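Coordinate inspection notes
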Amino acid sequence: MSALSDNQQQCKPSTVNLSDAEWKKKLTSKQYRILRQKDTEYPGTGEYNKHFEIGIYKCAGCGQELYDSSTKFDSHCGWPAFSSSIDTSVRRQMDVDGYREEILCANCDGHLGHVFRGEGLRDVNGKIIQERHCVNSVSLKFDKKQ
Ligand SMILES: [Zn+2]
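Here the residue numbering is sequential within each chain, running from 1 through the sequence in written order. Per-residue local features are limited, in this predicted model, to residues with pLDDT of at least 70; the limit for side-chain atom pairs, both in listing and counting, is 80 or more; totals at the level of whole chains, interfaces and linings are taken over all residues. Side-chain figures throughout are based on the complete set of non-hydrogen atoms in the structure, without hydrogens or water.

Keep this limit in mind: UniProt positions are given in the numbering used here, feature names are shortened, and annotations may be inferred rather than shown by experiment.
The chain is annotated in an unreviewed UniProt entry as Peptide-methionine (R)-S-oxide reductase from Rotaria sordida. If you open the UniProt record of the chain and go to Sequence similarities (unreviewed entry), you find "Belongs to the MsrB Met sulfoxide reductase family."

Remarks on the coordination of the zinc ion
Stated precisely, the cut-off is as follows: Water is not part of the atom set, so a site may look incomplete; the donors themselves are N, O and S atoms within 2.8 Å of the metal, or 3.2 Å for Na, K and Ca. In short, tetrahedral needs four donors with all angles between 85 and 135 degrees, square planar needs four and octahedral six donors with opposite donors over 155 degrees apart and all other angles between 65 and 115, and whatever is left is irregular. Throughout, exposure labels follow a simple rule: accessible area from a 1.4 Å probe, protein chains only, divided by the maximum for the residue type, with under 20% read as buried, over 50% as exposed, and the rest as partly exposed.
Of the protein atoms, only Cys59 (SG), Cys62 (SG), Cys105 (SG) and Cys108 (SG) coordinate the zinc ion, at distances of 2.3 to 2.4 Å. Given four donor atoms and angles of 103 to 113° at the metal, the environment of the zinc ion is assigned as tetrahedral. For the zinc ion, all donor residues lie on one chain, and their spacing in sequence is C-x2-C-x42-C-x2-C. Looking at cysteine 105, the relative accessible area reads 0%, which means it is buried. A relative accessible area of 2% means that cysteine 108 is categorised as buried.

As for the environment of histidine 51
Note the following rule: Runs of E in the DSSP output that reach at least two residues are strands. Runs of H or I that reach at least four are helices, and both are numbered from the N terminus. Throughout, a contact is declared for two residues whenever any of their heavy atoms are within 4.5 Å.
Topologically, histidine 51 is positioned in the loop between α2 (29-36) and β1 (55-59). Along the chain, histidine 51 and cysteine 62 lie eleven residues apart, while their C-alpha atoms are 21 Å from each other. Discounting residues that sit within four places of it in the chain, histidine 51 has contacts with Tyr57, Lys72 and Phe142.

Focus on the side chain of serine 139
The criterion, for reference: Pairing of N or O atoms within 3.5 Å defines a polar contact, subject to two protein rules: one partner must be a possible hydrogen donor and the other a possible acceptor, and residues neighboring in sequence count only if both atoms are side-chain atoms.
Within the secondary structure, serine 139 sits in the loop between β8 (131-135) and β9 (140-144). The exposure class assigned to serine 139 is buried, which follows from its relative accessible area of 0%. In this structure the side chain of serine 139 is engaged in a polar contact, spanning 2.9 Å, whose partner is the backbone oxygen of histidine 111.

Below you can see the structure in the form of structure tokens.
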């Protein structure tokens, strides 16, 4: 990792520490491209974009619980959107582009997507949504509530 990750020590340190080769073996090529190389899936193509079942969305890399389905909403942006994450399971850092805020799995540092604020979006109850966690479907693995 770059020197940037040394500046992130105030955040919860990653507990999964696989080498690049090990990640390559563990993940599908699509998961590897997005989780480890911070690529983005094409809008509207993701498995969970229009997915509204009840359950938990986990990290596709390490299985950590990231988002509860109760926080998911339809943002019409082409990617799964959540208004908040589960506790401290999601870590934030400045994106390399210098203006967006990147979100990562706090457990394995897998790239999830970005957080956007102040878009004036409303949830199904008409309540203003403060933040939109814009997450790649590929970074997630859904666990349906039994
Ligand atoms: Zn993870």
